[in-house]
Amino acid sequence: MFEIAMSLTEMERILEKELLKEEGNIRILGDLDITQEDYRCLHLKVKGMKTQEQTIGLYEAYRLSLLVTWAFGMRYEKLEQVSYDEIYSEIAGKPQHMIRMLLTIMEDTIREYKLASFDIRLDSIEDACQLLALHSGFLQNPDSGCFTFLEDTMSYSDMNHLEYLYQKVLTPKTLEVCHLIDRKHLITLFQMSRDVYTDCRVKGMTKEELLEKHPFVSRRFIENCVELCQLREMDQEEAVHGK
């Protein structure tokens, strides 16, 4: 999507074009097709903003670039090194009225592009980190341990047991992101993810059916879920025929 020779202005326009073109398909920022190399290019340009005068106008001009960088940083970087500290260093220490305006820009951007708000009001930097963690799409990657966790939960309904299980199954990196999200939103996210997985794995619903039934779940998560369920079904069929 990005090239290192591009300016931040060009990258911002590309992000806006993608969000408008895919309106309704992009439910969280993590649904954007941002590779690790794309993220590196964008992150480098965003870091360059520090050489400019820090004004509200600057943040408004590059609001998508900032949000995407922070969200994908939670997927591609060590959390303590980049995303969390970077958000704090970018926002904390500024006058209270500017912090409030920055949080308002974030809220307005999420609303304008019809992205999931997760019913989170941005009253603090902690709220912003939580929203960005939910937008990072940290459960989308099969390597996160999420789909193993969901498969293991098929026989349980007790959420206390599920909480114990996810602590054991999810990868350390995935758990790092989980720790930025409060219990209420985390359990809701797991329940919604499990509902999608059950509809796919047990009921055999198609991608289109899942997208329609679960309008608040990440599109990319649903796509990966369908792909994984199809592979597991093929493995089961091969195991049966191989006997």
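Preceding block: the structure.
Figured I'd write up the structure that's included with this text. (Residues numbered from 1 in each chain as written. Predicted model: local features only at pLDDT ≥ 70, side-chain atom pairs only at ≥ 80, totals over all residues. Heavy atoms only, no water.)

Quick word on the packing of aromatic side chains
As enumerated under the stated definition, the model contains five aromatic pairs in all. Consider the rings of Tyr-39 and Tyr-76, whose centres lie 5.7 Å apart with planes at 50°: the pair is tilted. Residue Tyr-39 is found in helix H2 (residues 36-47), and its partner Tyr-76 is found in helix H4 (residues 63-76); the two are separated by 37 residues along the sequence. On the numbers, 5.3 Å between centres and 15° between planes, the contact of Phe-147 with Phe-221 is stacked. With a gap of 74 residues between them, Phe-147 in helix H8 (residues 146-152) and Phe-221 in helix H13 (residues 219-242) connect regions that are remote in the sequence. Of the residues examined, Phe-221 reaches a relative accessible area of 3% and is grouped as buried. Of the aromatic side chains, those joined through ring pairs into one cluster are Tyr-39, Phe-72 and Tyr-76. (Phe/Tyr/Trp six-rings, centres within 6.5 Å; stacked < 30°, edge-to-face > 60°. Helix = DSSP H or I, 4+ residues; strand = E, 2+ residues; numbered from the N terminus. Buried < 20%, exposed > 50% of the residue type's maximum accessible area, 1.4 Å probe, protein only.)

So, helix H1 (residues 8-21)
Spanning 14 residues, H1 covers 20 Å between terminal C-alpha atoms, matching the ideal 20 Å at 1.5 Å per step. Listed in full, the buried residues belonging to H1 are Leu-8, Met-11, Glu-12, Leu-15, Glu-18 and Leu-19. Down the axis of H1, the smallest arc covering the buried residues is 125°, so these residues share one side. Away from its buried face by more than 90 degrees, H1 exposes Arg-13, Lys-17 and Lys-21. Where H1 is buried, its residues meet H2, helix H3 (56-61) and H4. (Expected span 1.5 Å × (residues − 1). Arc of directions from axis to C-beta. Contact = heavy atoms within 4.5 Å.)

Description of the side chain of Glu-77
Relative to the helices and strands, Glu-77 resides in the loop between H4 and helix H5 (83-91). At 3.4 Å, the side chain of Glu-77 forms a polar contact with the side chain of Tyr-39. Here Arg-40 takes part through its side chain, which lies 2.3 Å from a polar atom of the side chain of Glu-77. (Polar contact = N/O pair within 3.5 Å; in protein donor to acceptor, adjacent residues only side chain to side chain.)

Some remarks on the side chain of Arg-219
Among the secondary structure elements, Arg-219 is positioned in helix H13. Of the polar contacts made by the side chain of Arg-219, one reaches the backbone oxygen of Asn-25; its length is 2.9 Å. If we ignore the near neighbours within four places in the chain, the residues touching Arg-219 are Asn-25, Ile-26, Arg-27, Asp-31 and Leu-211.

Points about the environment of Ala-133
Secondary-structure assignment places Ala-133 in helix H7 (residues 125-135). Each C-alpha atom of the pair Ala-133 and Ile-56 lies 23 Å from the other, and the pair is 77 residues apart in sequence. In contact with Ala-133, other than residues within four places in its own chain, are Met-74, Phe-138, Val-177, Leu-180 and Ile-181.

Considerations on the pattern of salt bridges
Scanning all chains against the criterion turns up 13 salt bridges. Taking the shortest distance from any N to any O, the salt bridge between Asp-108 and Arg-111 comes out at 2.9 Å. With Asp-108 and Arg-111 both in helix H6 (residues 96-112) and three residues apart, the pair spans about one turn of that helix. Of the residues examined, Arg-111 reaches a relative accessible area of 55% and is grouped as exposed. Between Lys-207 and Glu-223 there is a salt bridge, with the nearest N and O atoms lying 3.9 Å from each other. One end of the pair, Lys-207, is in helix H12 (residues 207-213); the other, Glu-223, is in helix H13, and 16 residues separate them in sequence. (Salt bridge = Lys/Arg side-chain N within 4 Å of Asp/Glu carboxyl O.)

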